[in-house]
Amino acid sequence: MAKKITCVIVDDEPIAREILESFIKKTPNLELIASCKNAVEALQVTQTDAIDLFFLDINMPEINGLSLAKIINKKSNIIFTTAYRDYAVDGFDLQVTDYLLKPIAFDRFLQAVQKISTPNSFINTSKENETFKDFMFVRADRKMVKINFCDILYIESLGDYVKVFTNDSTIITRETISSFDEKLPKEQFLRVHRSFIIALNKIDSYTNEYIEIQKKAISISRSYKDTVLQKLAQV
């Protein structure tokens, strides 16, 4: 039996802690180690236990969640929880697992937890599953929407949202483009810019500066250029 994902809650609001505690109890593969009302308590826990996942409130007195995230062991996963949407960009700059906006729904909580890429995760990441999975579900319009990989043209980042362009629709979901990049099969998709992922089989033409898909010119950024051009030369 796989070891459970150990969790710590850090939030100065008692009600917020109680909600997360109830969510964790309902999730079989999570184990709550501590529920802390401030960063100092959380740091004391990290001195004695190795923690897989932190649920961090951002707007806390003295040491806020953003500052605490910079102190926590980089091997730990972090999910920010806050009532303030304005913090999203700062949170994702720290490469956290996800960002939950209060009030948090249980299904959104599960979606965030399922992004964790640790050996303890209840997500099956076997090579066999990777081979046969040809779709994903994303939350859009208050429901989970299925997206077939073969339908995706390209994906564009909109700050703390992602816009997925398919053959016949556009889907907007609250997720980072980096998390999308991790889920998509590498043999079918390519990150060409901080804000864009493209489907390799949907490319109509390309130059050293941009890729064209259905008359949309997508820039190849300088930081991705060498990798992108090398990959395209092999297609």
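Computed from a predicted model, the values in this text were never measured in an experiment.

## Quick word on the confidence of the model for the protein chain
Taken over all residues, the pLDDT of the protein chain has a mean of 84, while the share at 70 or more is 86%. Note on residues 117-132: pLDDT is under 50 here. Beyond four places in sequence and across chains, it has 16 contacts.

## Considering the pairing of strand 3 (residues 53-57)
The element strand 3 is largely enclosed, with a buried count of five among its five residues. Side chains of strand 3 alternate between two faces, with Leu-53, Phe-55 and Asp-57 and Phe-54 and Leu-56 buried alike. As defined by bridge partners, strand 1 (residues 5-10) adjoins strand 3 across four bridges and the pair is classed as parallel. Across the sheet, Val-10 pairs through a bridge with Leu-56, a residue of strand 3. The sheet contact formed by strand 3 and strand 4 (residues 77-82) spans five bridges and is parallel. Pairing of Leu-56 across the sheet is with Phe-80, part of strand 4.

## Quick look at the pattern of salt bridges
Two side chains that carry opposite charge are able to pair once their charged atoms sit near each other. Summed over the entire model, instances satisfying the criterion amount to 13 salt bridges. Here Lys-102 and Asp-57 are joined by a salt bridge, their closest N and O atoms 3.5 Å apart. Taken together, the residues span a long stretch of sequence, with Lys-102 in the loop between strand 5 (98-101) and helix 5 (106-113) and Asp-57 in strand 3 at a distance of 45 residues. Taken individually, Lys-102 and Asp-57 each receive the classification buried, so the pair is uniform in this respect. For Lys-186, the salt bridge identified is with Asp-181, shortest N-O distance 3.4 Å. The exposure class assigned to Lys-186 is partly exposed, which follows from its relative accessible area of 48%. Residue classification places Asp-181 among the buried residues on the basis of a relative accessible area of 19%. One network of salt bridges, with partners in common, ties together Asp-98, Arg-108, Lys-115, Glu-175 and Lys-183.

## A word on the sheet that holds strand 14 (residues 210-213)
The strand order across the open sheet formed by three strands is 13-14-15, and the pairing between neighbours is antiparallel. Both outer strands of the open sheet, strand 13 (205-206) and strand 15 (216-219), are each paired with one neighbouring strand and no more. Pairing of strand 13 with strand 14, which is carried by two bridges, proceeds in the antiparallel orientation. Residue pairing across strands places Ser-205 opposite Glu-212, the latter belonging to strand 14.

## Examining helix 1 (residues 14-25)
The terminal C-alpha atoms of helix 1, which comprises twelve residues, lie 16 Å apart, in line with the 16 Å expected from a rise of 1.5 Å per residue. Among the residues of helix 1, those classed as buried are Ala-16, Arg-17, Leu-20, Phe-23 and Ile-24. Projection of helix 1 onto a plane perpendicular to its axis shows the buried side chains occupying an angular sector of 125°, all on one side. Set apart from the buried face of helix 1 by more than 90 degrees, the exposed residues are Ile-15 and Lys-25. Tucked inside the fold, the buried residues of helix 1 contact strand 1, strand 2 (30-36), strand 3, strand 4 and helix 5.

So, how was this worked out
Residues numbered from 1 in each chain as written. Predicted model: local features only at pLDDT ≥ 70, side-chain atom pairs only at ≥ 80, totals over all residues. Heavy atoms only, no water. pLDDT = per-residue confidence, 0-100. Contact = heavy atoms within 4.5 Å. Buried < 20%, exposed > 50% of the residue type's maximum accessible area, 1.4 Å probe, protein only. Helix = DSSP H or I, 4+ residues; strand = E, 2+ residues; numbered from the N terminus. Pairing = 2+ DSSP bridges. Salt bridge = Lys/Arg side-chain N within 4 Å of Asp/Glu carboxyl O. Expected span 1.5 Å × (residues − 1). Arc of directions from axis to C-beta.

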